[in-house]
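# Coordinates in review
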Number of protein chains: 6
Amino acid sequence: MQVKPPRPYYVPVANEEQVFKAAYNQGLSIALKGPTGCGKTRFVEAMAHDLDRPLVTVACHDDLTTADLVGRFLLHGGETEWVDGPLTRAVREGAICYLDEVVEARQDTTVVLHPLADHRRQLPIERLGVTLDAAPGFCLVVSYNPGYQSVLKDLKDSTRQRMVAIEFGFPTADVEEKIVASEAAIDHDRAAELVRLGHAIRRLETGGLREVASTRVLIAAGRLIAEGLAPHDAARAAIAGPLTDDATITRGLLEMIDAYLVDLRPDD
Amino acid sequence: MQVKPPRPYYVPVANEEQVFKAAYNQGLSIALKGPTGCGKTRFVEAMAHDLDRPLVTVACHDDLTTADLVGRFLLHGGETEWVDGPLTRAVREGAICYLDEVVEARQDTTVVLHPLADHRRQLPIERLGVTLDAAPGFCLVVSYNPGYQSVLKDLKDSTRQRMVAIEFGFPTADVEEKIVASEAAIDHDRAAELVRLGHAIRRLETGGLREVASTRVLIAAGRLIAEGLAPHDAARAAIAGPLTDDATITRGLLEMIDAYLVDLRPDD
Amino acid sequence: MQVKPPRPYYVPVANEEQVFKAAYNQGLSIALKGPTGCGKTRFVEAMAHDLDRPLVTVACHDDLTTADLVGRFLLHGGETEWVDGPLTRAVREGAICYLDEVVEARQDTTVVLHPLADHRRQLPIERLGVTLDAAPGFCLVVSYNPGYQSVLKDLKDSTRQRMVAIEFGFPTADVEEKIVASEAAIDHDRAAELVRLGHAIRRLETGGLREVASTRVLIAAGRLIAEGLAPHDAARAAIAGPLTDDATITRGLLEMIDAYLVDLRPDD
Amino acid sequence: MQVKPPRPYYVPVANEEQVFKAAYNQGLSIALKGPTGCGKTRFVEAMAHDLDRPLVTVACHDDLTTADLVGRFLLHGGETEWVDGPLTRAVREGAICYLDEVVEARQDTTVVLHPLADHRRQLPIERLGVTLDAAPGFCLVVSYNPGYQSVLKDLKDSTRQRMVAIEFGFPTADVEEKIVASEAAIDHDRAAELVRLGHAIRRLETGGLREVASTRVLIAAGRLIAEGLAPHDAARAAIAGPLTDDATITRGLLEMIDAYLVDLRPDD
Amino acid sequence: MQVKPPRPYYVPVANEEQVFKAAYNQGLSIALKGPTGCGKTRFVEAMAHDLDRPLVTVACHDDLTTADLVGRFLLHGGETEWVDGPLTRAVREGAICYLDEVVEARQDTTVVLHPLADHRRQLPIERLGVTLDAAPGFCLVVSYNPGYQSVLKDLKDSTRQRMVAIEFGFPTADVEEKIVASEAAIDHDRAAELVRLGHAIRRLETGGLREVASTRVLIAAGRLIAEGLAPHDAARAAIAGPLTDDATITRGLLEMIDAYLVDLRPDD
Amino acid sequence: MQVKPPRPYYVPVANEEQVFKAAYNQGLSIALKGPTGCGKTRFVEAMAHDLDRPLVTVACHDDLTTADLVGRFLLHGGETEWVDGPLTRAVREGAICYLDEVVEARQDTTVVLHPLADHRRQLPIERLGVTLDAAPGFCLVVSYNPGYQSVLKDLKDSTRQRMVAIEFGFPTADVEEKIVASEAAIDHDRAAELVRLGHAIRRLETGGLREVASTRVLIAAGRLIAEGLAPHDAARAAIAGPLTDDATITRGLLEMIDAYLVDLRPDD
């Protein structure tokens, strides 16, 4: 169980807050679609704050069993004692339950969400022989990155059609500049340079790149600069390094970094 | 164990209620075939209500073991104590046992249903060394989506031939309009618009789409509209988002949404 | 352990009863080969009745471990206590042990049957450190459907050559008519119609069909008719539905149903 | 632990008894190679009898763990208590340990045999932290069918080169006749007919057949005849049935049966 | 928990110490990229020393479960008692947690690092129902060898973009000479010969070689020489042997060894 | 724990004893490369004897878990009690730990050897939360057969480069003759014949043979001869049988046996 944090810094891009709250009011489940590092986690934290609900986050992975979500029996004093999993706790408390990167979970694990995600709003716990009705305020939220979808790792249609979808992209240059400056504590000119660099990399359409430069890596570069690192070195470590392991592509990225960032380049 | 709910809102499409009750009276098992979101779960809830039987629902998944269905030993006070699974409870109580999305379960799990599904109506519980005769009223019901069938995930013929099959499709426009208006609490004109949109999408024959728009997503769009969202935004979130992650197809769906829904389009 | 039932309704097709009893008297193991729904289970029930032996049935599946057959240790009062599996019980009691759909079991599971199936008639229980001699009357019977055989799922030759084989097919029209009329409690003309329909479908040589119409599905259709359903509707639910999910093949089957069954067709 | 049985009926084919005893005296391990049903198990039983050693037999399978061979901890009175596996018992008692169909076991399981099979004659039991020296008289014997060998299921060379190999084939006609007559308790003319049939089938060189007719199936046919079954019916059940599931090949075998067996053919 | 060692011998190659400390001060996670044997482990040990933090090292492998990192319940006096894993200990103590060869771990295991690697710096422990905030000083460091990357074994982008990357290569000839002489306790001329040999092998661009000669194998050769082995024999055992099993390539390497190392060649 | 045996009969082929002892003195790990049956195990036994260290041997296999090497918790008197694995015992006692056929182990299992194999000489035991420093005298030795290497089963480079390699081949004719005569207790002429046969088979370059005749199989043939078996029969059982299952190749080998061994050939 997580203590509700202060409203995190989140700047809306479109009508995503409106759609989230409408779905929440109707008791519908919500899927957040978008690339890594674009702010999905922050958004859910902001929504939980606005709606005044506890937030339960589960990082999904291939090994996540139904028992990890729902609960299990443990031994205490020679007795098997039931301990709720995070999903069951959220159902009982009426919390927002956020399953991060849900396509990582096995398809069969997501099937246990069905009676909870549709009109029934029920969680059957077979090992206890009970069926819980979700408390008012309970809301199921999942996130995934459509770019990662594959035949093996994909949400089933019967799961998707139980959810309302909100698409996320990167913020506009204006908004992103504000976010980078504020999060990295650097001045706006430096932040604007980093955002221009990020947009230039995104325009490459991932030719050989694994994924485009996210807002997150721009912030990390800014924070290394704030720590006194030369901008070139900071961008190499925080942007080029995470984006590729390929020597040729790295060289291209370093040229872009030189072109976009005004730099004393101490170690060239 | 589930407390029997009030009769859910279910409008029959053909003779499905008649066939179900005939099979029930003869002690035959029943397979419901049809796409996701067309009302199979509601139908079983309505039948359980009409026949006055408790309903035990199991959402099937790849990890569902025989022990999850039949029962297992747990430790209590240093003793191993047997706890019935949902199937065993249904067999003892004479309940309707509904295995939702049964093709998700492993083939071998479904083999344990054989002595129960044919003339024997018996559940052998090997770990207890007993064979239970199903109580009067017990009825085994399974559902699956024929569109999902694959070489790996399929019901065995020896399982299929132990069951009577009822096919489900989407309701006619008239019936669907009534369902959408009633479930989303919107007026009939708006519901008719959504149903026309849904039928247009279904006529696309899933060209690139993963699956057609179900009655369920039309209801979800209606509920977002009821919450004050613009129809365009509501349909984007509840219909286009769940149906595809592809940018081109999304664009096509949004054009259809604009064409079919009268809208002020506040965020275009 | 199963209480011996009254002699089930079984009409012999050829010399299968004679072969079974000769093998039984010689202590040989028996393999029943034949399609699904042709009466193999009934036959074993009848033989157990005639020979006055208890019958222990195990539905085989991919997950069936040696421990499920032979037995395991469970905790009672802080002690691990051995509990016999169904095979061990049959060996001790001199019962007929029937392994239904044995090719579903893993090959390695069937290897534990070898010392029991040949001249040794012994069951070594490694976890107890004992070797049991089968009690007089013990007989190992397995069944499988040769049509399902594949490279992955097949009986090993060293297992097959430890058994005497009895082949099963569907009964002749005369016999099948009697069975359908008796089991479904319908008149002979109606039963004859259903049997003619079944034979017509079997002549299709499963062109696109998964498997031919078994005696079992003809009986199910008869029982729905007995319940008041129109013959067309009954045959659609009990015969066409279980045999295929393909729309074109379904249409062909419905035409055959119309051609063979005299029907008022109330819902066409 | 098995009580030593009386010398089983075994007629030597070549110098196999001499080689076995020489290897035994030298403390070398032994591999028996040959088709199914040719008498390998009987041979080991006879050798154990002649050498006056207890015989511990393990039927190998894909699921056989090292713990199944060596031993494991079980709970007794709240303590974990070690229980020897069959291999460990044989090592302590100086028994002959016979691993039947050893290629069925996983390669890694056979690796634990290495220190036992070579000059060390030691069994390290890692879970106990001890290394046992094999008692005098201990002898490791494995069997396999070279015809089953495949890339996946094969003995490693480092295992093979730790063993002396003895090849088995079917006995000569004379010897086989004597065995069939004695084991099935039928007269010599009938046994000679069966053996001639068996040799004819073996000459087919398994064209489409899975494996040739073993001595074991000839004995089974003889025993059904002794029980009063017509020779044709007996051979169909005990020879043709186990050898093939193919309709065309079955027809060919039935013709051979008619040609070789003088028969009243009561059910043709 | 590891006691902090004295500063290990580490000679910086570029600005890697500066980048590490900037990222550390900003609470960012760090990925070390580079070939095997180039000094990544030493570098982390030196950083932990300079920053005065405890160092917790985890060698990753395919079998490493989330429980191995986070902790598990063990039985003590009949109670299940929680025991922290190395990651949890590092989070509580504010240690540097070094996951060596992180691509060896399953992708799903690395997903549990996400909330810890980004702005949240939190470790949710689902089995305890708590979420830990990382103590000040906690720093997540991972290492991997980009040359090993494959489709199956690769860091996910959502993991990579949560980290700052530092690239490692082999040191310059000058620096490497100093390292080899110091670590192997041999004179500088011999060390220089070994380094020239190493550079020559690296220039082969791994034509048939599995990987180039690392600083580590040069040091090992030096240590064998210090032990009195002829240089030729030392280089054969420490350089040629680990780099290839191929006879032709071995011959080529031995010729290079003869050409670069002044040797009495006692065993040629 | 093994009691140190008397020095086993081992005749050195090249400088392998010198290299081993130099690496041992430097605390380096050692990999023994060579075909099966060439004396690697004997060599390690001799080295342990000369260096006066206890020897802990682990036969590696695919199923060997990290817990099998390092240790695990067992239940004693209701408490979980830690029991050291063989690797941990060797680390504590300063023993030589010999991992036989290490490529059989899963790659991830070998990763736990890394901190032990390099300059750290440490074994982190995550389940105890401790890191052990290897006692003086501890030495890690692994063996593998390069001929078995495959993409799936191979030592990782990061493991290989942590080790010094010693290559093994078969001894020269002179040495091998002495070994065969001494181990099998036969006269030198007979031993020379067997060695000439072995060399002839090795010259075939394994055309169709799985592997060449090792010193081990020559010794086994000698021991059967010492037991009174005709040389032809002994060589057939101990050499031809283990080397092939193919009828044509067997015939070729038998001709070579006849040509090289002077024999009375009692059973031809």
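Note that the structure is predicted; figures quoted are calculated from it, not measured. Once a new chain begins, its residue numbering starts again from 1 and follows that chain's sequence as written. Just so you know, chain letters begin at A and ligand numbers begin at 1, following the order they were written in. In view of the model being predicted, local features appear only for residues whose pLDDT reaches at least 70, and side-chain atom pairs are presented and counted only at 80 or more, with totals across whole chains, interfaces and linings using the full set of residues. Side-chain descriptors were evaluated using all non-hydrogen atoms of the structure, hydrogens and water having been removed beforehand.

## Side note on the overall build of chain A
Of the regular secondary structure elements, chain A holds twelve helices and nine strands. Each residue is assigned to one of three classes by its accessible area relative to the maximum for its type, calculated with a 1.4 Å probe on protein chains only: buried under 20%, partly exposed between the two thresholds, exposed over 50%. Out of the 268 residues belonging to chain A, those deemed buried represent 62%. Contacts are assigned to residue pairs that have any heavy atoms within 4.5 Å of one another. Contacts in chain A between residues far apart in sequence, at least 24 positions, make up 71% of those at least 6 positions apart. For chain A, the accessible area works out to roughly 9800 Å², and carbon and sulfur atoms hold 52% of it. Segments assigned H or I by DSSP are reported as helices when at least four residues long, segments assigned E as strands when at least two residues long, and all are numbered from the N terminus. Areas reported as accessible are Shrake-Rupley estimates using a 1.4 Å probe. Residue values count occlusion only from the protein chains shown.

## Let's talk about the packing of aromatic side chains
A pair of Phe, Tyr and Trp rings is counted when the ring centres sit within 6.5 Å of each other, with Trp represented by its six-membered ring. The angle between the planes then sorts it: under 30 degrees is stacked, over 60 is edge-to-face, the rest tilted. Taken as a whole and judged by the stated rule, the model has 18 aromatic pairs over all chains. Whether a charge sits over a ring comes down to the Lys NZ or Arg CZ being within 6 Å of the ring centre and within 35 degrees of the ring normal. The positively charged end of Arg202 of chain C is found above the aromatic ring belonging to Phe170 of chain C, 4.0 Å away from the centroid.

## Brief notes about the sheet that holds strand β8 (residues 139-144) of chain D
Residues and elements named next belong to chain D. One bridge is not enough; two strands pair if DSSP finds at least two bridges between them. With respect to topology, five strands assemble into an open sheet ordered β2-β5-β8-β1-β9, the strand pairing being parallel. Whereas interior strands pair on both sides, the edge strands pair on one side only; in this sheet they are β2 (55-59) and β9 (163-167). Averaged over all pairs of adjacent strands, the angle between strand axes in this sheet comes to 20°, irrespective of strand direction. Alignment of strand β1 (residues 29-33) against β9, held across five bridges, turns out to be parallel. The axes used here are C-alpha line fits, helices contributing only the stretch in contact, and every angle between their N-to-C directions lies in the interval 0 to 180 degrees.

## Points about the sheet that holds strand β5 (residues 96-100) of chain E
Residue and element names in this part refer to chain E. Strands sit in the order β2-β5-β8-β1-β9 across an open sheet of five strands; the sheet is parallel. Where the open sheet ends on each side, the last strands, each with one partner, are β2 (55-59) and β9 (163-167). Ignoring strand direction, the axes of neighbouring strands in this sheet form an average angle of 20°. Pairing geometry for β5 and strand β8 (residues 139-144), over four bridges, is parallel. For Cys97, the partnering residue across the bridge sits in β8 and is Leu140. Together, β2, β5 and β8 form the strand contacts of helix α4 (residues 86-93), whose direction differs from that of β2 by roughly 160°.

## Quick word on the pattern of salt bridges
Take a side-chain nitrogen of Lys or Arg and a carboxyl oxygen of Asp or Glu: if they are within 4 Å of each other, that pair is a salt bridge. The final tally for this structure, using the stated rule, is 72 salt bridges over all chains. Between Lys33 of chain F and Asp245 of chain E there is a salt bridge whose closest N-O contact spans 2.8 Å. One end of the pair, Lys33 of chain F, is in strand β1 (residues 29-33); the other, Asp245 of chain E, is in the loop between α11 (231-243) and α12 (247-260), on a second chain. Lys33 of chain F gets classed as buried once you look at its relative accessible area, which sits at 3%. Each of the salt bridges in this network shares a partner with another, and the network as a whole consists of Arg7, Glu17, Lys21 and Asp50 of chain A.

## Describing helix α4 (residues 86-93) of chain A
Residues and elements named next belong to chain A. With six of eight residues buried, α4 is to be regarded as a mostly interior element. Buried residues of α4: Pro86, Leu87, Thr88, Arg89, Ala90 and Val91, and no others. Trailing α4 by a residue or two, Gly94 shows a phi angle of about 70°, which is positive.

## Points about the packing of helix α9 (residues 188-203) of chain D against helix α10 (residues 215-226) of chain D
All names here are of chain D. Here α9 crosses α10 at 145°, and the two axes come no closer than 10 Å. The chirality of how α9 crosses α10 is right-handed. Of the residues in α10, those touching α9 at Arg190, Leu194, Val195, Gly198 and Arg202 are Thr215, Leu218, Ala221, Gly222 and Ile225. Of the residues contributing to the contact of α9 with α10, the split by class is five nonpolar, three polar and two charged. Each crossing is labelled by how the near helix is turned from the far one, with a counterclockwise turn of less than a right angle marking it left-handed and a clockwise turn marking it right-handed. As a working rule, the residues Ala, Val, Leu, Ile, Met, Phe, Trp, Tyr, Cys and Pro are called nonpolar, Asp, Glu, Lys and Arg charged, and the rest polar, with Gly in that last group.

## Structural notes on the environment of Asp68 of chain B
All names here are of chain B. Among the structural elements, Asp68 can be located in helix α3 (residues 66-70). Residue class for Asp68 comes out buried when judged on its relative accessible area of 12%. Linking Asp68 and Leu87, residues 19 residues apart in sequence, is a C-alpha distance of 8.7 Å.

## Digging into the environment of Val141 of chain C
Residue and element names in this part refer to chain C. When you line up the elements, Val141 lands in strand β8 (residues 139-144). Val141 gets classed as buried once you look at its relative accessible area, which sits at 0%. Ignoring any residue separated from it by four or fewer positions in sequence, one finds Val141 in contact with Phe20, Ile30, Leu32, Val44, Ile96, Cys97, Tyr98 and Leu99.

## Some remarks on the confidence of the model for chain A
Residue and element names in this part refer to chain A. Every residue is assigned a pLDDT by the predictor, reflecting its confidence on a scale from 0 to 100. Taken residue by residue, chain A gives an average pLDDT of 84. The fraction at 70 or more is 87%. Mean pLDDT values over the elements of chain A span from 69, in helix α5 (residues 107-111), up to 94, in α4. Model confidence for the complex is summarised by a pTM of 0.68, with the ipTM given as 0.78.

## Let's talk about the side chain of Gln161 of chain F
Structurally, Gln161 of chain F is set in the loop between α7 (157-160) and β9 (163-167). Polar contacts involving the side chain of Gln161 of chain F include one to the side chain of Ser214 of chain E, which spans 2.5 Å. In this structure, Gln161 of chain F is in contact with Thr36, Glu211, Val212, Ser214, Arg216, Val217, Pro242 and Leu243 of chain E, ignoring residues within four places of it in sequence. Any pair of N or O atoms that falls within 3.5 Å is considered a polar contact. Within protein, one atom must be able to donate a hydrogen and the other to accept it, and sequence-neighbouring residues count only if both atoms are side-chain atoms.

## Brief notes about unusual backbone geometry
Phi is mostly negative for residues that are not glycine, and the peptide bonds are mostly trans. For Glu101 of chain C, which is not glycine, the phi dihedral falls at a positive 55°. With respect to the helices and strands, Glu101 of chain C occurs in the loop between β5 (96-100) and α5 (107-111). Even without glycine at this site, Ala185 of chain F takes up a positive phi of about 60°. Here Ala185 of chain F shows up in the loop between α8 (173-184) and α9 (188-203). Classification of Ala185 of chain F by relative accessible area gives exposed; the value is 64%.

## Section: the state of the cysteines
The definition used for a disulfide is geometric: two cysteine sulfur atoms within 2.5 Å. Following the criterion strictly, the structure yields zero disulfides over all chains and no others. Looking at Cys139 of chain D, it has no disulfide partner, and the nearest cysteine sulfur is the one in Cys97 of chain D, 9.6 Å off.

## Description of the side chain of Arg120 of chain A
In this structure, Arg120 of chain A sits in the loop between α6 (114-117) and β6 (122-125). Once you skip the residues sitting within four places of it in the chain, Arg120 of chain A turns out to touch His114, Pro115 and Arg162 of chain A together with Thr41, Glu45, Thr57 and Asp100 of chain B.

## Things to note about helix α1 (residues 16-25) of chain F
All names here are of chain F. Counting buried positions over the ten residues of α1 gives seven, a clear majority of the element. Taken together, the buried positions of α1 are Glu16, Glu17, Val19, Phe20, Ala22, Ala23 and Tyr24. Where α1 terminates, the next one or two residues include Gly27, which has phi positive at roughly 70°.

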